[in-house]
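A closer look at the structure
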Amino acid sequence: MSVEFFLGIAILVIGTAAAAFPRPRTYLTRLINLEIPAWGLLLIMLSFDETLALLTFVAVTAISTFVIVRVVERRNAA
Amino acid sequence: MEGIYAFGLLAVFASIVIGFWALVRENDDLHRILLTDLAEILALALIALVATDLAEALILPGLVVGISELMAISEVFLVREGLVRQPDRMLQIEVMDSAPGLLALALVGYGILLSGFSGGAVAGIGVIFYFVCKGHDERFALLETLSGYAWAMWIVAFFIFMLLPQYWFFGVLIAGAAILLKVAGKMSLVGTMRGGANV
């Protein structure tokens, strides 16, 4: 099996730990750490040739980042 | 192949346990929303391990449902916490001043090249990014007009498929261009969510 798969699984597990217990525990840190398991998922999708799912996941992640940043900045301003 | 699948499944389940443990220990609601995003990624990884066309067919609606759910939850959160008023000072990152023009141009150009649904998504991301970073004037009327034309093109393509099937390729091109406009226009509305003059 491919290198991408094992790399993806490793990054997914590490990233999950990083996003679950971020340090310092702020919204922005957690949001940035969330990108790590997303990368792992992308590598897993890449290893299984799931092109369409991969591209759509990239697009949706971009939108969800905008949505979350909007909430975070209003929360921080309040 | 079986061993690989079992190994992947084990790793993803371990991550799910970590994720849900963090979710249970969390008290802050916004942190919980962020952890829900993590849970979504892990669920998608679980599906991706199926590794067939079935996985793709399951992931695509999962993504769409996930993003709409996130939007709804964030709106509910904002209303419940009473954060509907505009903050005076927005989050400012330097890349948001320098990047938008070039990046939006590249994304929209590549989106038009791709055409169809994926092209619309890519071009839409470019427009969203530009609107979010640079602000926007209210040009919703323009977007509505664009959407109307896209709808008309869609119908024309449909009639070509039905009445003149030998020109199917022409119909495919029209439909691809129409859905590009439609998806890009709809997605660019997301970019205006950050607030502005009349939003």
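Owing to the predicted nature of the structure, the values given are computational and were not obtained by experimental measurement.

**A word on the overall build of chain B**
Within chain B, the regular secondary structure consists of 8 helices and 0 strands. When its helices and strands are written in sequence order, chain B yields α-α-α-α-α-α-α-α. Pairs at least 24 apart in sequence give 69% of the contacts found in chain B among residues at least 6 apart. By element, 71% of the accessible surface of chain B is carried by carbon and sulfur atoms, the whole surface being about 11600 Å².

**Describing the confidence of the model for chain B**
Counting all residues, the mean pLDDT for chain B is 82, and 88% of those residues have values of 70 or more. Here the prediction assigns the complex a pTM of 0.68, and the interface score ipTM is 0.92.

**Here we look at the layout of surface pockets**
Empty space left among the atoms is revealed by rolling a probe the size of a water molecule over them. Looking at the largest pocket, its volume works out to about 1300 Å³. Taken together, 46 residues line the largest pocket, and the ones lying closest to its centre are A59, T61, A62 and I63 of chain A together with I125 of chain B. Listing elements by their share of the lining of the largest pocket, those giving two or more residues are α2 (27–33), α3 (35–47) and α4 (51–77) of chain A together with α3 (53–80), α4 (95–98), α5 (100–114), α6 (116–134) and α8 (168–188) of chain B. Here the lining of the largest pocket takes 13 residues from α4 of chain A, the largest share from any one element. Tallied by class, the residues present in the lining of the largest pocket amount to 38 nonpolar, 5 polar and 3 charged. The two domains that each donate at least three residues to the lining of the largest pocket are domain 1 (2–81) and domain 2 (95–190) of chain B.

**Structural notes on unusual backbone geometry**
Residue and element names in this part refer to chain A. Here the residue pair R23 and P24 is connected by a cis peptide bond, since its omega of 0° sits within 30 degrees of zero. In this fold, P24 is placed in the loop between α1 (3–20) and α2. Positive phi, normally seen in glycine, also occurs at D49, with a value near 60°. With respect to the helices, strands and loops of the structure, D49 is situated in the loop between α3 and α4.

**Observations concerning the interface of chain A and chain B**
Across the boundary between the two partners, chain A contributes 46 residues, which contact 57 residues of chain B. Considering only the surface of chain A that becomes buried against chain B, F66, R70 and R74 of chain A emerge as the three largest contributors, covering 14% of it. There are 4 salt bridges connecting chain A and chain B. Note that R25 of chain A is salt-bridged to E26 of chain B, the shortest N-O span being 2.2 Å. In this assembly, chain A and chain B are joined by 7 residue pairs in polar contact (both at pLDDT 80 or more). Only α1, α2, α3 and α4 of chain A provide two or more residues apiece to the side of chain A that touches chain B. When residues in the side of chain A that touches chain B are grouped by element, the largest group, 21 residues, is from α4 of chain A.

Thresholds applied
Residues numbered from 1 in each chain as written. Chains lettered and ligands numbered in written order. Predicted model: local features only at pLDDT ≥ 70, side-chain atom pairs only at ≥ 80, totals over all residues. Heavy atoms only, no water. Helix = DSSP H or I, 4+ residues; strand = E, 2+ residues; numbered from the N terminus. Contact = heavy atoms within 4.5 Å. Areas by Shrake-Rupley, 256 points an atom, 1.4 Å probe, with all protein chains shown as cover. pLDDT = per-residue confidence, 0-100. 1 Å grid on protein atoms, 1.4 Å probe; cavity = no way out; pocket = protein on both sides within 12 Å on 5 of 7 lines; lining within 4 Å. Points joined across faces, edges and corners; volume = space filled by probe spheres on them. Nonpolar A, V, L, I, M, F, W, Y, C, P; charged D, E, K, R; others polar. Domains from an automatic or database assignment. Buried area = accessible area lost by both parts, 1.4 Å probe. Salt bridge = Lys/Arg side-chain N within 4 Å of Asp/Glu carboxyl O. Polar contact = N/O pair within 3.5 Å; in protein donor to acceptor, adjacent residues only side chain to side chain.

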